[in-house]
Amino acid sequence: MARTSEEQLKRFINTELDSITPDMDEELRLLEIHKKLNKRSDFMKFRKNKLAAVFTAMLVITVLGTVTAVAAGKITGFISTSDENAHSSAELRELSKTQMQASPKIPDNFSNGMSFVNGYIAQVKGVDDDNNQVITYSEAYANYGSDQKVTLTSNVHQDLVSEDSDPSGQYEVYQGITLTAREEPYLFLPEGKEPAEEDKKLEEEGKLTISYGSGQEERKLFRTVSWSENGIDYLLFTFSDKELNSLTAMAKEVIDMK
Amino acid sequence: MNEEKKALVELMLGGSEAAFDELYRSSSKKLYRMAYFITGNRSDSEDILQETFVKCFLHRDKLREPERFESWLYQILVRTAWRLEKRKKNRSELSFEGILDQEKDHVRADWIEEDEKGKGPLGAVLEAETAGQIREALKKLDVKYRTVILLYYYNELSTKEIARVTGTMEGTVKSRLFKARKLLKGILEAEDIVEREKERGICHG
């Protein structure tokens, strides 16, 4: 008679549940699931590509946060796809020429010892609330360093995607070019986890960006240095412990490139 | 997990929609039933099931070990169901959680094993109940207790696996399991008393 109550309960639950049949046809439901996937996967593609770069689901939000109003409606989201990886900076420079019709400065390495690891060209689409494409352009991503990862992005300047002036940014003029350095706190949360009230408040005040989809809760600083040179917008960013002055020094090295 | 299913999971992780479709077909009924056990509502179960598979494909890069596919899918389903339940705040749900002493229950978590050794008090009560009574009693349990009951008895997961699925400590799972069974017994006994009272009322009526 051992474990009788266990077996009774188990038997009861199994009998009960096995008699439940869904109302909806299995194949019709699968069609519904695919419809939902199609609707949501474009945005996920963007997140995945950015994640491939670093933790860069966040970059979406960062760029989004600095977007100004646009002529044909407002860009409320960015979708990015890429399928060709570059394994050397020379290869990425070549890809930039053909896919961006531009020659951004992409160094092989920096004086702090960080070397090019990999890169790719992303096709970026800016969309409005109704998912209508407002703008499209190509953007080069170059990743440096293995542990303390830093990414350099470059794209031909887009008037529709211009940055607002940011009072919290630190400005420095180098060789006649304005460098803008920023440090923004991010909270990464597992999908579906509710942020604490104080974090929600900080987010409302624009002092914190909350991103979902992480495997665990993490707080990180997103550090960026951006500038424009010869019609190309550059952005150096990292979620590592690299300080802003290190990023600024790297930005100056890019500017110094011939 | 057999090799064929593992291969399907690996294909799905690589982005194969055909493999995803096959995995859906092989597990959708079971997952629907699980959702139904947690929510007790067909419409909610349908929503939870669809959302589970949408998340499964969109977040497939988060599954590191193909062998863990099933429990990972359970994890998505359970958490999706819990979120839905949480949103339905205004629903009037009878919870018997308050009738137990929390501290004592933690201490008594190990009693689960002891209770399994013999017929135990729940076994005696279950024997006397009708399917309808047990069904109603299960519905009255708080969603977290229903979930551990489901994962333990229907999915036959260990308390350790349930802890991973529900994102709680194994001790909490044991405690909830113990408590769930105690609550179930309490509800069934309470119903018995009401039934007996009714019968007596009719007899004396």
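## Looking at helix 1 (residues 3–13) of chain B
Residue and element names in this part refer to chain B.
Then, in step 1: Turning to helix 1, its buried residues number three or more, namely Leu8, Val9 and Met12. Down the axis of helix 1, the buried set is contained in an arc of 100 degrees. They therefore lie on one face. Opposite the buried face of helix 1, at more than 90 degrees from it, the exposed residues are Glu3 and Ala7.
Then, in step 2: At its buried positions, helix 1 is contacted by helix 2 (17–39) and helix 4 (69–87).
Then, in step 3: Count one or two residues on from helix 1 and you reach glycine 15, which has phi positive near 105 degrees.

## Some words on the pairing of strand 5 (residues 150–156) of chain A
Residues and elements named next belong to chain A.
Then, in step 1: For strand 5, the tally of buried residues reaches six of seven residues, placing the bulk of the element in the interior.
Then, in step 2: One ladder, built from six bridges, connects strand 4 (residues 133–144) with strand 5; its direction is antiparallel. Across the sheet, residue tyrosine 141 finds its bridge partner in strand 5, namely threonine 153.
Then, in step 3: As defined by bridge partners, strand 5 adjoins strand 10 (residues 232–238) across six bridges and the pair is classed as antiparallel. Residue pairing in the sheet places valine 156 in a bridge with isoleucine 232 of strand 10.

## With respect to the packing of helix 9 (residues 143–154) of chain B against helix 10 (residues 159–166) of chain B
All names here are of chain B.
Then, in step 1: Two numbers describe how helix 9 lies on helix 10: the axes approach to 10 Å, and their chain directions differ by 130 degrees. By the angle class used here, helix 9 and helix 10 are oblique. By crossing handedness, the relation of helix 9 to helix 10 is classed as right-handed. When helix 9 is examined against helix 10, the residues Thr147, Val148, Leu151 and Tyr152 are found in contact with a partner set consisting of Ile162, Val165 and Thr166.
Then, in step 2: Residues that form the contact of helix 9 with helix 10 fall into these classes: five nonpolar, two polar and no charged.

## Focus on the packing of helix 3 (residues 42–58) of chain B against helix 4 of chain B
Residue and element names in this part refer to chain B.
Then, in step 1: For the pair helix 3 and helix 4, interaxial distance at closest approach is 9 Å and the crossing angle is 135 degrees. Judged by the angle between their axes, helix 3 and helix 4 are oblique. The crossing of helix 3 and helix 4 is right-handed. Contact residues: helix 3 offers Asp44, Ile48, Glu51, Thr52, Lys55 and Cys56, while helix 4 offers Leu73, Ile76, Leu77, Thr80, Ala81 and Leu84.
Then, in step 2: Of the residues contributing to the contact of helix 3 with helix 4, the split by class is seven nonpolar, two polar and three charged.

## Considering unusual backbone geometry
All names here are of chain A.
Then, in step 1: Here glutamine 175, not a glycine, exhibits a phi torsion of approximately 50 degrees, which is positive.
Then, in step 2: By C-beta crowding, glutamine 175 is classed as exposed, having 10 other C-beta atoms within 10 Å.
Then, in step 3: Positive phi values are uncommon outside glycine, yet asparagine 230 reaches one of about 50 degrees.
Then, in step 4: With respect to the helices and strands, the residue asparagine 230 is situated in the loop between strand 9 (218–229) and strand 10.
Then, in step 5: A count of 11 C-beta atoms within 10 Å places asparagine 230 in the exposed class.

About the thresholds
- Residues numbered from 1 in each chain as written.
- Chains lettered and ligands numbered in written order.
- Predicted model: local features only at pLDDT ≥ 70, side-chain atom pairs only at ≥ 80, totals over all residues.
- Buried ≥ 20, exposed ≤ 12 C-beta atoms within 10 Å, placed from the backbone.
- Helix = DSSP H or I, 4+ residues; strand = E, 2+ residues; numbered from the N terminus.
- Arc of directions from axis to C-beta.
- Contact = placed C-beta atoms within 7 Å.
- Pairing = 2+ DSSP bridges.
- Axes fitted to C-alpha atoms, helices over the stretch in contact; angles between N-to-C directions.
- Parallel < 35°, antiparallel > 145°, perpendicular 65-115°, else oblique.
- Left-handed = near helix turned anticlockwise from the far one by under 90°.
- Nonpolar A, V, L, I, M, F, W, Y, C, P; charged D, E, K, R; others polar.

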